[in-house]
Amino acid sequence: MHQNRWFARAALAFILASDLGGQPVTAQVNSESWQQAYVKAQGAVANLTLSEKVSLTAGLGFFIGNCTGNVPPIPSINFPGLCLEDSALGVRDVDGNSAFPAGINAAATFNRTLMNQRGIAMGQEFRGKGVNIQLGPFMNLMRAPASGRGWEGFGSDPYLSGEGVFETITGVQSQGVQAVAKHFINNEQEHSRSTSSSNVDDRCAVPVASFLLLADAIQHNMNCIFIPVQANVAAVMCSYNEVNGAYACENNNTLNGLLKNELAFQGYVMSDWYATHSTVDAANNGLDMTMPGDILPGLGVSYFGASLGLAVDAGNVPETRVDDMATRILAAWYLLGQDKNFPPVNFDSKDSSSSINQHVNVQGDHASLIRTIGAASTILLKNERNVLPLKVPKSIAVVGNGAGANPNGPNGCIDRTCDEGVLAMGWGSGTANFPYLITPLDALTNRSALDGTTVFSSLSDTDTQAAATAARGSDVAFVFITADSGEESGIVEGNVGDRNDLLAWHDGDALVEAVANVNNNTVVVVNTVGPIIVDAWIDHPNVTALVWSGLPGQEAGNSLVDVLYGAYNPSGRLPYTIAKSADDYPAKVDYTLISLTTLQLPYSEGLFIDYRHFDQADISPRYEFGFGLSYTTFTYFGLVITGSAAGGSPRSGYGASVDASLHKKVITVTFTLRNNGTVAGHEIPQLYLSPPASANSPPSLLKGFDSVYLAPGESKIAQLQLSRYDLSIWNVATQQWEIPGGSTGVLVGASSRDIRLRGAIVN
């Protein structure tokens, strides 16, 4: 069998090794909302000329228009055009906006409500600015922990990422703003992102099960595409890289075969900026819109638009395909109700001095939500002698550049391309301007004034003598260290998007040791885009606590102080594994920058990324996926499993993988949680499945979680549900989802390795 045909089918396996989560699922092929939008769109397209139809498929060009991307108007159908704007954490390149916690912090909350509220608030801000299309959420997995843009997404696990994507899309689109799930597919490192091919093993004559695992490896960016489809996402953005030797934006197997056929995606596919490489192949193979429109900045020529019209005239692209492209784009516009009372664009993202800028303040009361998410995403990893929460210390020391402000202001570096002051987001197109940024030093100083606490500080990362002087004799010493990353278009301290290593920046290990050597109550606070190796100092007897703050957005300092002083009982959990050594991770960035040929990136780890690999290889992590401490303790008991996966007959063909019977919740897992302590807080119970050996799957797979608030001494019954899909694997031979025979373990606990309850489902 031809390798590409194997790829298109086997690719589907890893999508559904990802998560549909606890959300109710409606088969996309039966979506009434899309059907109504299509009726309107088809009526409009029937009245368009070929020239008007192709105008929908191309942006105006890099330098033209008020937004990052701009689709021209069509007056004959009262279509005003489209404004496309970054980013996945707030409206980029404007003022009067909020800077939300990054996706990785939203994931760390393990709280669907907060994820959804974040999406709603962002949707309100994009709509308030007149933006039709938010270029987010980011759905790629953190396959390699050093990957530059992993912080824009929701971590390393398909299930958790799927939940974050789903809640973000439904939140954003509830405000009438189109969401764009990006980047499709396997764009998981910045080095050579436009000149690399993400590859599955191309052997055909291998055992089916082995091939599935190899084929799944190419799907790490696809894991969460299933969720956007179910969330009625308006658009999907294809990526720069090749997939098995074909560009992602003209890959027939992934765009037509997988996305539009197997998953019955009704929306449109847009290219990443300058990720289009042709007219005929791109159009025929599934791309619907090219962005920003021109082939090169300012060139004035596009692969689509007029060029697409010429391809139709030449007989190389059927006009019915152009009709489909135009229909999909207009259907998404109608789906979100943007044909009625949608506000016009009131800013110019390319020129801050333009008279178009009305400086509309769209922040509302979102600062309160941002502060709450920042606190809920803060992860307490170590707390010896219960040194936290603080109990009115007489003196504190605040050490490290990451505790202070950027001397040039929070927006002093273009697209945040520097690591100066508190790190609250990474860099690149996934950023937004800060309206303000609360530093930890300011927040701690303000709180200390209330308590009469004396504050000593040293904001240098390199002056370890000054750090020791500030810390010596203080009741508690806070050391702030950072690790930054972003898009390859920005080079920061020698890091080309991807991090060069997994160490704290600015020799943060030495800073921690300098303070810990003189203060027996040293609390380390980490603001980072992803995992860092902490083994140089984590077992130092004077390092009493480790607080993982991540990228908390504009309320960074306040969110942290809420946790440090106990106003918020920490409930954040790790959305990735922290290893003892960088060599313990199964996938790494290929740092090749220049290659005379296409760089080949083998996804040979298959399904075994992050904790799945650690479990399979029996590697002890420093801190496992899903781990996080609280100021109280919780007991789990009374596991009950009811229901059956028997029955159901998933069909083949169009929309088969969104079949309702596959995703109907058929098994219910209940158990009781009790708060044993004297402090109220949230527990994050997690459900993992351990498939039978015949499935050739990882030892445990996250398939459920919740955030349960419990008062001191209170008990509550928690309930998590499973579908046939949750138990299934893709059988290449039968072309169906099948539940492997045998016993599937049901594991319930506080992290991927802290399992409190065990049961089984016999299939």
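As the structure is a computational prediction, the values presented were derived from the model and not from experiment.

Reading the values: rules and limits
- Residues numbered from 1 in each chain as written.
- Predicted model: local features only at pLDDT ≥ 70, side-chain atom pairs only at ≥ 80, totals over all residues.
- Heavy atoms only, no water.
- Helix = DSSP H or I, 4+ residues; strand = E, 2+ residues; numbered from the N terminus.
- Rg over C-alpha atoms; globule rule 2.2 N^0.38 Å.
- Buried < 20%, exposed > 50% of the residue type's maximum accessible area, 1.4 Å probe, protein only.
- Contact = heavy atoms within 4.5 Å.
- Areas by Shrake-Rupley, 256 points an atom, 1.4 Å probe, with all protein chains shown as cover.
- Lys, Arg positive; Asp, Glu negative; His and termini not counted.
- Charge placed at Lys NZ, Arg CZ, Asp CG, Glu CD.
- Axes fitted to C-alpha atoms, helices over the stretch in contact; angles between N-to-C directions.
- Left-handed = near helix turned anticlockwise from the far one by under 90°.
- Nonpolar A, V, L, I, M, F, W, Y, C, P; charged D, E, K, R; others polar.
- Disulfide = S-S within 2.5 Å.
- Salt bridge = Lys/Arg side-chain N within 4 Å of Asp/Glu carboxyl O.
- Pairing = 2+ DSSP bridges.
- Polar contact = N/O pair within 3.5 Å; in protein donor to acceptor, adjacent residues only side chain to side chain.
- Parallel < 35°, antiparallel > 145°, perpendicular 65-115°, else oblique.
- Expected span 1.5 Å × (residues − 1).
- Phe/Tyr/Trp six-rings, centres within 6.5 Å; stacked < 30°, edge-to-face > 60°.

Undergrad: So what about the overall build of the protein? Which residues, and what values?
TA: Regarding its fold elements, the protein presents 20 helices and 29 strands. Against the 2.2 N^0.38 benchmark of 27 Å for 763 residues, the protein shows a C-alpha radius of gyration of 25 Å, consistent with a compact globule. Taken along its principal axes, the extent of the C-alpha atoms in the protein is 80 × 65 × 50 Å. Relative to its full complement of 763 residues, the protein shows a buried share of 65%. Contacts spanning at least 24 positions in sequence make up 78% of the contacts within the protein whose residues lie at least 6 apart. As displayed, the protein offers around 24,600 Å² of accessible surface, 51% of which is attributable to carbon and sulfur atoms. Between the centroid of the 43 positive side chains of the protein and the centroid of its 69 negative side chains there is a distance of 7 Å.

Undergrad: Pulling in residues and values, what's your account of the packing of helix α5 (residues 112–128) against helix α13 (residues 366–376)?
TA: Running from N to C, α5 and α13 cross one another at 150 degrees; their axes reach a closest spacing of 11 Å. Crossing of α5 over α13 shows left-handed handedness. Judged by residue contacts, L114, Q117, R118, A121, Q124 and E125 of α5 engage H366, L369, T372, I373 and A376 from α13. When its residues are assigned to classes, the contact of α5 with α13 shows five nonpolar, four polar and two charged.

Undergrad: Provide a residue-level description of the state of the cysteines, including the pertinent values.
TA: Throughout the structure, instances matching the rule amount to three disulfides. With a sulfur-sulfur separation of 2.0 Å, C238 is cross-linked through a disulfide to C249. What sets the handedness of the C238 and C249 disulfide is the S-S torsion sign, and at about 110 degrees it is right-handed. Of this pair, C238 sits in strand β6 (residues 235–238) while C249 is found in the loop between β8 (246–247) and α9 (252–262), placing the two residues eleven residues apart along the sequence.

Undergrad: So what about the pattern of salt bridges? Which residues, and what values?
TA: By the definition in use, this model includes 27 salt bridges. Across the pair R622 and D535 runs a salt bridge whose closest N-O atoms are separated by 2.8 Å. Here the residue R622 occupies a position in the loop between α18 (611–617) and β19 (634–643), and D535 occupies one in the loop between β16 (522–528) and β17 (543–548), the gap between them amounting to 87 residues. Residue D535 is classed as partly exposed on the basis of its relative accessible area, which comes to 28%.

Undergrad: Pulling in residues and values, what's your account of the sheet that holds β8?
TA: With mixed pairing, four strands are arranged side by side in an open sheet as β8-β7-β5-β18. Each edge of the sheet is formed by a strand with only one pairing partner; in this case those strands are β8 and β18 (599–602).

Undergrad: An account of the side chain of S302 is requested, with residue identities and associated values reported.
TA: Along the polypeptide, S302 turns up in the loop between α10 (280–284) and α11 (306–313). There is a polar contact of 3.0 Å between the side chain of S302 and the backbone nitrogen of F304. The residues contacting S302, other than those within four sequence positions of it, are A58, T290, G293, D294, I295 and S307.

Undergrad: Can you tell me about the sheet that holds strand β2 (residues 82–85), naming the residues and giving the values?
TA: Spatially, the six strands line up as an open sheet ordered β1-β2-β3-β4-β6-β9, and their pairing is mixed. Strands at the two margins of the open sheet, each flanked by one partner only, are β1 (69–71) and β9 (268–271). Pairing analysis gives three bridges linking β1 to β2, with the strands arranged antiparallel. Each bridged residue has a counterpart across the sheet, and for G69 the counterpart in β2 is L84.

Undergrad: Would you mind going over the packing of helix α14 (residues 440–451) against helix α17 (residues 556–564) in detail, with residue names and values included?
TA: The geometry of α14 relative to α17 is characterised by a closest axis approach of 8 Å and an angle of 50 degrees between their N-to-C directions. Between α14 and α17, the crossing angle belongs to the class labelled oblique. Crossing handedness for the pair α14 and α17: right-handed. Contacts from P440, A443, L444 and R447 in α14 reach G557, N558, L560, V561 and L564 in α17. Tallied by class, the residues present in the contact of α14 with α17 amount to six nonpolar, two polar and one charged.

Undergrad: A description of α5 should follow, citing residues and the corresponding values.
TA: Taking 1.5 Å per residue as the helical rise, α5 with its 17 residues ought to reach 24 Å, and the 24 Å between its terminal C-alpha atoms agrees with that figure. Within α5, burial applies to R112, L114, M115, N116, R118, G119, A121, M122, G123, E125 and F126. In this structure, the buried side of α5 is in contact with β2, α4 (103–108), β3 (133–134), α6 (158–173), α13 and β23 (701–705). If you check the start of α5, you find a side-chain oxygen 3.0 Å away from the backbone N of T113, and it comes from N111. Taken from the residues just after α5, G130 is the one with a positive phi, measuring 85 degrees.

Undergrad: If you had to explain the packing of aromatic side chains to someone new, which residues and values would you point to?
TA: Considering all chains together, one arrives at 14 aromatic pairs under this definition. Where F62 meets Y274, the ring centres are 6.3 Å apart and the plane angle is 40 degrees; that geometry is what we call tilted. Of this pair, F62 sits in the loop between α3 (50–55) and β1 while Y274 is found in the loop between β9 and α10, placing the two residues 212 residues apart along the sequence. Classification of F62 by relative accessible area gives partly exposed; the value is 35%. Where Y611 meets F625, the ring centres are 4.7 Å apart and the plane angle is 25 degrees; that geometry is what we call stacked.

Geometry only, nothing functional implied.
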